[in-house]
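# Chain and residue survey
Each chain, written out:
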Amino acid sequence: MCKNILLTAVLLTSGLTATATETGDTILNKTDVKEVVLTDADSVVSLTVKGTKDDPGYTFHYEKRMSADAVSKIDEHSIFGFDLFFSKKRAKNRRLLEDELRTGGLSYGFVTAIGAPEGLDIDMGSSYEISWELFNVYKASRCGHHAVSAGLGLTWRNFRLDGRQRFVKTLDGISLADYPDGADIDFSRIKVFSLMVPVSYNYMPARHWLLRFSVIPCFNTYASIKTRYRNAEGQKVKDMAKHIHQSPVTVDFRVDARWHGVGLYAKYSPCRVIRSDFGPKFTPFSTGVSLFF
């Protein structure tokens, strides 16, 4: 199949004129051309130049047969020398995954609690997590369909109770307690902030499709409790507590399926959110969408 690359020439200032030279190995030197068509078919490379500012009907055509082991390279830059972000760089047998450093993407999901005790009813509809992978370093296989990667990112998790009980911090740790009589309940939640180091196996079965399986160590650097309600007298009450004895290091297992940079994911951690000697036992499970990976 032929591959046509259509390049629109940059218009120069009106003081420049079209010139043609045949010095040394130079076959054509033209400025201010209107259209250039480069064709590669059956090892024959042809170049067609059409139109100039002074002669719209001008045409130049050149063909050359390439050897079977010839190597071709395509590179395109703007007038300032930067790669054009809309350039379509194509080559035969291009690998789907490459050795490279990539900026990461965003994930948004809903969280629930696995193995929670009675009374700890996490509302998955209002409990959420946001993850941001800052970057990933990829090491691809020779065939270009497989790669391992490692990176760095941030995660915020929010566990919100749905029910008549709330999180409270006591001298013994974190526990569940009833709201005062007559209280108008707003919410009670635990929030955890983590630094994550995702290590992943990536498989790209076809262009634009990606499957990823990740093991994610998480360093939980901050956590807090926040509860809001109105008491029987109608006064707003806000309880806030920090240093809630969260597990300092946990591990998540995540599966992603993506198409054109948009995907779905599921993530589970067998590790407790609160340390075993300081609070109720529950582990997180989440699912959601990812963008721009």
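First, a word on what this report is: a plain description of the structure on this page. (Residues numbered from 1 in each chain as written. Predicted model: local features only at pLDDT ≥ 70, side-chain atom pairs only at ≥ 80, totals over all residues. Heavy atoms only, no water.)

## Section: the pairing of strand S13 (residues 209-230)
This is how it is decided: Between any two strands, pairing holds if DSSP finds at least two bridges. Labels follow the DSSP assignment, with helices taken as runs of H or I lasting at least four residues and strands as runs of E lasting at least two, numbered in each case from the N terminus.
Examined bridge by bridge, strand S11 (residues 184-196) and S13 share 12 bridges and lie antiparallel to one another. Pairing of arginine 189 across the sheet is with lysine 226, part of S13. Two elements, strand S12 (residues 199-203) and S13, share 5 bridges in a ladder whose sense is antiparallel. Among the inter-strand pairings, serine 200 is bridged to a residue of S13, identified as serine 214. The turn linking S12 back onto S13 is made up of 5 residues, and histidine 208 within it adopts a positive phi angle of 80°. Pairing of S13 with strand S15 (residues 249-259), which is carried by 11 bridges, proceeds in the antiparallel orientation. Following the sheet pairing, proline 217 is matched in S15 by valine 251. Direction of pairing for S13 relative to strand S14 (residues 236-242): antiparallel, over a ladder of 7 bridges.

## Structural notes on the pattern of salt bridges
This is how it is decided: For this analysis, a salt bridge means a side-chain nitrogen from Lys or Arg found within 4 Å of a carboxyl oxygen belonging to Asp or Glu. Type-normalised accessible area, obtained with a 1.4 Å probe on protein chains alone, sets the label of each residue: buried when under 20%, exposed when over 50%, and partly exposed for intermediate values.
Using the criterion set out here, one finds 13 salt bridges in the structure. As a salt-bridge pair, arginine 157 and aspartate 252 come within 2.8 Å of each other at their nearest N and O atoms. Of this pair, arginine 157 sits in strand S8 (residues 146-160) while aspartate 252 sits in strand S15, placing them 95 residues apart in sequence. Using a relative accessible area of 10% as the deciding quantity, one classes arginine 157 as buried. For the salt bridge of aspartate 256 with arginine 254, the shortest nitrogen-to-oxygen distance reads 2.7 Å. No difference in accessibility class separates aspartate 256 from arginine 254, as the two residues are buried. Connected via shared salt-bridge partners are Glu129, Arg157, Asp252 and Lys267.

## Digging into the nonpolar core
Our working rule: We call a set of buried residues a nonpolar core when its members are Ala, Val, Leu, Ile, Met, Phe, Trp, Tyr or Cys and they connect through side-chain atoms within 4.5 Å of each other. Note on contacts: a residue pair qualifies if any of its non-hydrogen atoms lie within 4.5 Å across the two residues.
Grouped together as the largest cluster of nonpolar side chains are 17 residues, with contacts concentrated most on Phe159, Phe167, Ile190 and Phe282. Discounting residues that sit within four places of it in the chain, phenylalanine 159 has contacts with Val111, Ile122, Ser127, Phe167, Ser188, Arg189, Ile190, Val192, Val273, Phe282 and Pro284. Listed in part, the 7 residues of the second largest apolar core include Leu96, Leu97, Tyr138 and Met204.

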